[in-house]
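Analysis of the macromolecular model
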Amino acid sequence: MVFSKIDARNGAFALVSEDVDGSIVTKDFPTYRVNEQRVRPQYLLQLLLSAPFQKLVGHCSKGTTKRQRVDVGILMSQQVPVPALDEQDRILNHYLELLGDLKERPEKIAQKDEL
C-alpha cells in the first residue's frame, strides 16, 4: 500500500504488487505492508477511499490549501474498526455488486455511499 501525503485527502491511496518491492519513493509517498491475516487489501483500499475516511484524512492534513500534507503520525494514531475476514469478504462482495449495478441503475449510487 502506498499513498500520497499531499493528495491523500483526495483519495490518493493505492495497492501495489510485490514485484515493485524495493522500489524507491520520496518521503511524500509512505509505503506499508498490509497484514493480510487481519484485513483484505481490497477491503482496506475501499475503506481508505470512503467519504468518512477522506473526511478524517482532511482533518489530519496541514499546510496551505493547495499543498496540504497529511500528518502521518496523527493519521496512524487513529483507530479504525476492522471486522473479521469473512465479514470483510461479505461487505466487499456486496460493494462490488453495487458497483456493477451502477452501470445499469444510477439510483444505486446512494446505496454505495451508505455502504
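Numbers given to residues run from 1 along each chain, matching the order in which its sequence is written. The predicted origin of the model limits local features to residues at a pLDDT of at least 70 and limits the giving and counting of side-chain atom pairs to 80 or more, whereas totals for whole chains, interfaces and linings rest on all residues. Values reported for side chains reflect all heavy atoms of the structure, with hydrogen atoms and water molecules removed beforehand.

Thoughts on the nonpolar core
If you look at the biggest cluster of nonpolar residues, it comprises twelve residues: M1, F3, A8, F13, L45, L48, F53, V57, C60, V70, V72 and L75. Labels follow the DSSP assignment, with helices taken as runs of H or I lasting at least four residues and strands as runs of E lasting at least two, numbered in each case from the N terminus. Secondary-structure elements contributing two or more residues to this core are α1 (41-49), α2 (51-59) and α3 (72-76). By definition, residues are in contact when any of their heavy atoms lie within 4.5 Å. Setting aside residues no more than four positions away along its own chain, F53 makes contact with F13, L47, L48, L75 and V80. The set of buried Ala, Val, Leu, Ile, Met, Phe, Trp, Tyr and Cys residues whose side-chain atoms join them within 4.5 Å is what this entry labels a nonpolar core. Classification of residues uses two cut-offs on accessible area relative to the type maximum, computed with a 1.4 Å probe and protein chains only: under 20% is buried, over 50% is exposed, and between them is partly exposed.

Focus: the packing of α1 against α2
α2 packs onto α1 with a crossing angle of 60° between their chain directions and a minimal axis gap of 5 Å. Between α1 and α2, the residues in contact are L47, L48 and L49 and A51, F53 and Q54, respectively. Any residue that is not Ala, Val, Leu, Ile, Met, Phe, Trp, Tyr, Cys, Pro, Asp, Glu, Lys or Arg is counted as polar, Gly included; the first ten are nonpolar and the last four charged. In the contact of α1 with α2, the residues fall into five nonpolar, one polar and no charged. Under this scheme, a helix contributes an axis fitted over its contacting stretch, all axes are lines through C-alpha atoms, and angles between N-to-C directions fall in the 0 to 180 degree range.

Regarding the environment of T26
On the secondary structure map, T26 appears in the loop between β2 (13-14) and α1. On the basis of relative accessible area, T26 is assigned to the partly exposed category, the value being 48%. On a C-alpha basis, the gap between T26 and S4 in space is 9.6 Å, while along the polypeptide they are 22 residues apart.

Side note on α2
Within α2, burial applies to F53, Q54 and V57. Along the axis of α2, the buried positions cluster into a sector of 100°, meaning they face one direction only. Turned more than 90 degrees away from the buried face of α2 sit A51, P52, K55 and H59, all of them exposed. The inward-facing, buried residues of α2 abut β2, α1, β3 (61-62), β4 (69-70) and α3. The arc in question is traced by the directions running from the helix axis to the C-beta atoms.

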